[in-house]
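Residue strings, one per chain:
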Amino acid sequence: MSKRLLMLEKMTRDGSKDPFHWYALALEYAGQGRHDDALATFVALRAIEPTYVPMYLMCGTTLVKAGRLDEGRAWLADGIGVARSKGDQHALSELQQALAGAGGGDDDDA
């Protein structure tokens, strides 16, 4: 197990509310193919900071790559709404492209 993973697990276990700690931990899990752990960490992050836009793209694409298309599309679609509400055009474009690539359309009507 990597030192980075151990450090991030400790920080989140100790109650960190910094969204980047949770995001980085989820990415570490995803990078190791630990999709259920990654999803659980993204869900925890969403409870802490639901407007943290990067998690929606990474969680959605992780789920799609794991063959969990419906879950992945749902995360991407939710992220589109958050990106729109924050006025984050770059993230919005990336999320729309990812959703289209996952067979979910580009969600222009949302």
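Structural data are supplied above this passage.
Here is what the cut-offs are and how they apply
Residues numbered from 1 in each chain as written. Predicted model: local features only at pLDDT ≥ 70, side-chain atom pairs only at ≥ 80, totals over all residues. Heavy atoms only, no water. Helix = DSSP H or I, 4+ residues; strand = E, 2+ residues; numbered from the N terminus. Rg over C-alpha atoms; globule rule 2.2 N^0.38 Å. Contact = heavy atoms within 4.5 Å. Areas by Shrake-Rupley, 256 points an atom, 1.4 Å probe, with all protein chains shown as cover. Lys, Arg positive; Asp, Glu negative; His and termini not counted. Charge placed at Lys NZ, Arg CZ, Asp CG, Glu CD. Salt bridge = Lys/Arg side-chain N within 4 Å of Asp/Glu carboxyl O. Buried < 20%, exposed > 50% of the residue type's maximum accessible area, 1.4 Å probe, protein only. Phe/Tyr/Trp six-rings, centres within 6.5 Å; stacked < 30°, edge-to-face > 60°. Lys NZ or Arg CZ within 6 Å of the ring centre and 35° of its normal.

(A) Expanded view of the overall build of the protein. A tally of regular secondary structure across the protein gives six helices and zero strands. Secondary structure elements in the protein, listed N-terminal to C-terminal, are α-α-α-α-α-α. Taking 13 Å as the expected radius of gyration for a compact globule of 110 residues, we find that the protein reaches 14 Å, a close match to that expectation. Principal-axis analysis of the C-alpha atoms places the extent of the protein at approximately 40 × 30 × 20 Å. A separation threshold of at least 6 residues defines the contact pool for the protein, and within that pool the share at least 24 residues apart is 42%. For the protein, the exposed area adds up to about 5800 Å²; of that, 54% sits on carbon and sulfur atoms. Charge-centre separation for the protein: the mean point of 12 positive side chains lies 8 Å from the mean point of 16 negative side chains.

(B) Representation of the pattern of salt bridges within the structure. All chains considered together, the criterion is met by seven salt bridges. The closest approach of N and O atoms between R4 and E28, which form a salt bridge, is 2.7 Å. Within this pair, whereas R4 is found in helix α1 (residues 3-13), its partner E28 is found in helix α2 (residues 19-31), the two being separated by 24 residues in sequence. On the accessibility criterion, R4 (41% relative accessible area) is partly exposed. When salt bridges that share partners are traced, they join D36, R68 and E71 into one network.

(C) Focus on the packing of aromatic side chains. One pass over the full model with this rule turns up five aromatic pairs. When the centroid spacing of 6.4 Å and the interplanar angle of 55° are considered together, the rings of F42 and W75 count as tilted. In this pair, F42 is assigned in helix α3 (residues 35-48) and W75 in helix α5 (residues 69-86), connecting sequence segments 33 residues apart. The residues F42 and W75 share a single accessibility class, namely buried. Counting every residue linked through ring pairs, the aromatic cluster contains F20, Y23, F42, Y52, Y56 and W75. Across the ring face of W75, the terminal group of R46 is positioned such that the distance to the ring centre comes to 4.6 Å.

(D) Region of interest: the environment of M55. Here M55 is to be found in helix α4 (residues 53-65). For M55, a relative accessible area of 0% corresponds to the buried category.

These values are about where atoms sit, not about what they do.
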